[in-house]
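# Notes for the structure review
Spelled out, the chains give:
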Amino acid sequence: MSLPFRNSNRRHVRSLRLPLAVALVATLLNTTGGSLASAQQRAAHYQFAASQQPPGAVGAARLQAGGPVQGYFQPVEISAPKGMLIGMAAQGGWTEPVDGSFHAGMLLGVPYRVQLQNLPEEFNSRECYPTVEIIDRTYAPQGMARRFPIPVVFNEDDLRLATKGMLVTRVIYVEDPQQAIPGVQAPGDQLWHDAGSNANPLEVADRLGRPVAIVRIGARMPDERQGPDLQFTYGCPPWQRLSAPAEAQFVPAPEAAPIQSARAPRAAAQ
Amino acid sequence: MRTPLLSTLGRRLLALGMLTGLLALPACKAMPKAVVDLVAVRTQPAEVPPAPPAAEPPKSANSVQVLGVPKGKPVVGQPLPVVPRAGCEIQGGIPVPYLAASAWQPPGIKGPWPQDEFLHDGGDAYEPVGVSPEWRVQGLNVEDTVAHYDTIDGRTLVEPSNCAYVYAPRFSSVRSVVNASSSEFVDGPTKIRKPERVVNYEERTRVVTRTEQLQPIGQVANTKLTVYRRDQQSGVASTALLAHSFQQTFAPFEDLAVIRIGAMQSADKARLAERVESAIIWSKDDGVKVFIEKQSAKVVTGDKRAQAIYAVHEPVDGRLRICKIASTPAAQPGDFVDFTIRYDNVGDSPVGNIVILDSLTTRLAYEPDSAQSSRKAHFTTAHNAAESLELRWEIDEPLAPGDGGLVRFRCKVR
């Protein structure tokens, strides 16, 4: 004996299976996409990367993310303490070292080997060969890219630690204006702080802004007994030699006429 | 009797599930790109057709030298080619936009722009600014620039200015020092070798006096008007700005009719469009608002427009228009930036008790004694939540219809 109530329920339940399944899948999609979207909105540019990865790994991952970064030579300004000479690996050798600052255009995701000479005598070594890896670019207005290069500043403290055998890693980031430090940054100087022990500096920099470059300073030296050490210089990737941006010309105040309009008050009688 | 495949409830659930799934598609990274693009295309407005490529710019004396690239190979990595918008003329390879027909973005770069490279000052972001009957200003956030005034009928209105953008990125760095250590222990008599493997790294961190920046959790209190007259700078309660202390000459960046005489002229459209275009490029949400008085104009609808022109059909009460400009579009840390705020009564009745408020961002430090006003005003400063200052001008005299004034101040980019 069949129960009419059971049969009607079965038909009703059967008719609800498909829409319930679709609703469940849609809810899962919304939850997953929402969590991914919220994670993306938290500006975690390098959520799963670490600065201790080999040079070029973080930048290569950034290139895969897409955007107008492929083939773009990002202006970079390399500066060192007074008296030190700066050079770069080029065409199997090294460029003529210069004093002061060195301006170059570098590709993203490619490690560049920099040569620092004439270190103080109290250091363990008179030379140092750090690497510079550009992991993101800036978007300066047209014609102003060279005026706002990414500053790579080497200080004596980092070089002293590096020549002692330690690995110093610096992650340079663009400060978020909403979280900017109210301190004044002097020309040629760069605000910085330590990430702390057991902390990933890339992750710390990602929280404070947008990382754009990773600088690694160690005590490794090239082995040029049998010719140029291309492995040490990562194959001498291409880069652009840039000239220092010209200083802004002073524009004297024009001899403008005083305010004489009906919409604004006239010049007060002296 | 044939039963329907889906009941009414089932059809409604199916429709709800499909709608939820469509809304989740753009946010879901796991979905195929084609599907995401399909949804994105349908939700975005029509794109501006690409314009013809720009003429090759003349070679400059400072040509770059690419090292490591064989001769004859095209040099990659040059600055992105400038593709002018439809209707732009090109002078010397540099496009000169003369009419912001629609929201324009450089080719190949999708928005939103990285706003972390720009300083914003102006407008009214986040919660709108309001003035209580007790003359207390609420909702004045960092980077806001507003003016509140009283009309004849007793209303207190608030008018935000446009947003002035200055390209001024600042770079900082985070350091970590790692020292790898390892040891090896050999057990001699039994000839068993037990190498010690590296367990962990010894990290040395030097003590520095730098403080680690903590992410702000938000504004927890609003500054109130009552402290403006008490919070003072170096013992000055308030500074009376007189008209004769106002610099009567205009700077080059103020060479706009809307700043000089408070009226819009056709000759300034090109320069204003350039500033408007920069504003669009640097922020998709804000835009410059320009009002043309007593001129019939078309109403532009849409969310992302550079300027809005409103038609005035009937006499209105006193209404204040406030416009803000910066002296330079880009600045480096240590540079000075001059800001000029122009206010005009574009209504048909006088307005009074005009107060102009400007809350500076952290990166802008007000230069003492640089405030000016073309009309007699009381100037005060107060500290804001961004370790900078809130600037306040209280215009003494009411403003008749058609009258206006200027206030200026200088800031140093930190």
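Going by the structure above, here's the rest.
The notes below deal with the structure included here.

Basis of the calculations
Residues numbered from 1 in each chain as written. Chains lettered and ligands numbered in written order. Predicted model: local features only at pLDDT ≥ 70, side-chain atom pairs only at ≥ 80, totals over all residues. Helix = DSSP H or I, 4+ residues; strand = E, 2+ residues; numbered from the N terminus. Buried ≥ 20, exposed ≤ 12 C-beta atoms within 10 Å, placed from the backbone. Contact = placed C-beta atoms within 7 Å. Pairing = 2+ DSSP bridges. Core = buried A, V, L, I, M, F, W, Y, C linked by C-beta atoms within 7 Å.

## Here's the deal with the overall build of chain B
- A tally of helices and strands in chain B yields four helices and 22 strands.
- Taking all 414 residues of chain B together, 31% fall into the buried category.
- Long-range pairs, those at least 24 residues apart, make up 67% of the contacts in chain B between residues at least 6 apart in sequence.

## Observations concerning the overall build of chain A
- What chain A contains, in helices and strands, is four helices and 12 strands.
- By sequence separation, contacts in chain A at least 24 residues apart represent 74% of the contacts at least 6 residues apart.

## Side note on the environment of Leu-119 of chain A
Residues and elements named next belong to chain A.
- In this fold, Leu-119 is placed in the loop between β6 (111-117) and β7 (131-134).
- Sequence spacing of Leu-119 and Leu-159 is 40 residues, and the spatial spacing of their C-alpha atoms is 8.3 Å.
- Ignoring any residue separated from it by four or fewer positions in sequence, one finds Leu-119 in contact with Met-84, Ser-125, Arg-126, Glu-127, Cys-128, Leu-159 and Thr-163.

## Let's talk about helix α3 (residues 156-163) of chain A
- Every buried residue belonging to α3 of chain A is among Asp-158, Leu-159, Leu-161, Ala-162 and Thr-163 of chain A, and all of these are buried.
- Elements that come into contact with the buried residues of α3 of chain A comprise β6, β9 (167-175) and β11 (209-217) of chain A together with β10 (171-179) of chain B.
- In the stretch just after α3 of chain A, Gly-165 of chain A is the one whose phi turns positive, near 105°.

## Description of the pairing of strand β15 (residues 320-326) of chain B
Residues and elements named next belong to chain B.
- Extensive coverage of β15 is indicated by the burial of seven of its seven residues.
- Neither face of β15 is open: one carries Leu-320, Ile-322, Lys-324 and Ala-326, the other Arg-321, Cys-323 and Ile-325, and all of them are buried.
- Of the strand pairs in this sheet, β15 and strand β16 (residues 336-345) are connected by seven bridges, and their pairing is antiparallel. Opposite Arg-321, over in β16, you have Asp-344 as the bridge partner.

## Quick notes on unusual backbone geometry
- Here Asn-118 of chain A, not a glycine, exhibits a phi torsion of approximately 60°, which is positive.
- What makes Asn-118 of chain A partly exposed here is the crowd of 15 C-beta atoms within 10 Å.
- In this model, Asp-369 of chain B sits at a positive phi of 60°, which is unusual for a non-glycine residue.
- When you line up the elements, Asp-369 of chain B lands in the loop between β18 (364-366) and β19 (372-373).

## Describing the pairing of β6 of chain A
Residues and elements named next belong to chain A.
- The element β6 is extensively covered by neighbouring structure, given that five of its seven residues are classed as buried.
- Judged from the four bridges that link them, strand β2 (residues 85-90) and β6 form a sheet pairing that is antiparallel. The partner of Met-88 across the bridge, within β6, is Val-114.
- Bridge count for β6 against β7 is three bridges, and the pairing is antiparallel. Across the sheet, Arg-113 pairs through a bridge with Thr-131, a residue of β7.

## Focus on helix α4 (residues 201-208) of chain A
- Counting buried residues in α4 of chain A gives six out of eight residues, a clear majority hidden from the surface.
- Taken together, the buried positions of α4 of chain A are Pro-201, Leu-202, Val-204, Ala-205, Asp-206 and Leu-208 of chain A.
- Structurally, α4 of chain A contributes buried residues whose contacts are with β9 and β11 of chain A together with β10 of chain B.

## Details of the nonpolar core
- In terms of nonpolar packing, the biggest core is built from 53 residues, with Met-106, Leu-116, Val-152, Ile-172 and Ala-213 of chain A touching the most fellow members.
- In this view, Met-106 of chain A contacts Phe-73, Gln-74, Val-76, Tyr-112, Val-132, Ile-134 and Trp-239 of chain A; residues no more than four positions away in its chain are not counted.
- Listed in part, the 52 residues of the second largest apolar core include Tyr-165, Cys-323, Val-351 and Val-407 of chain B.

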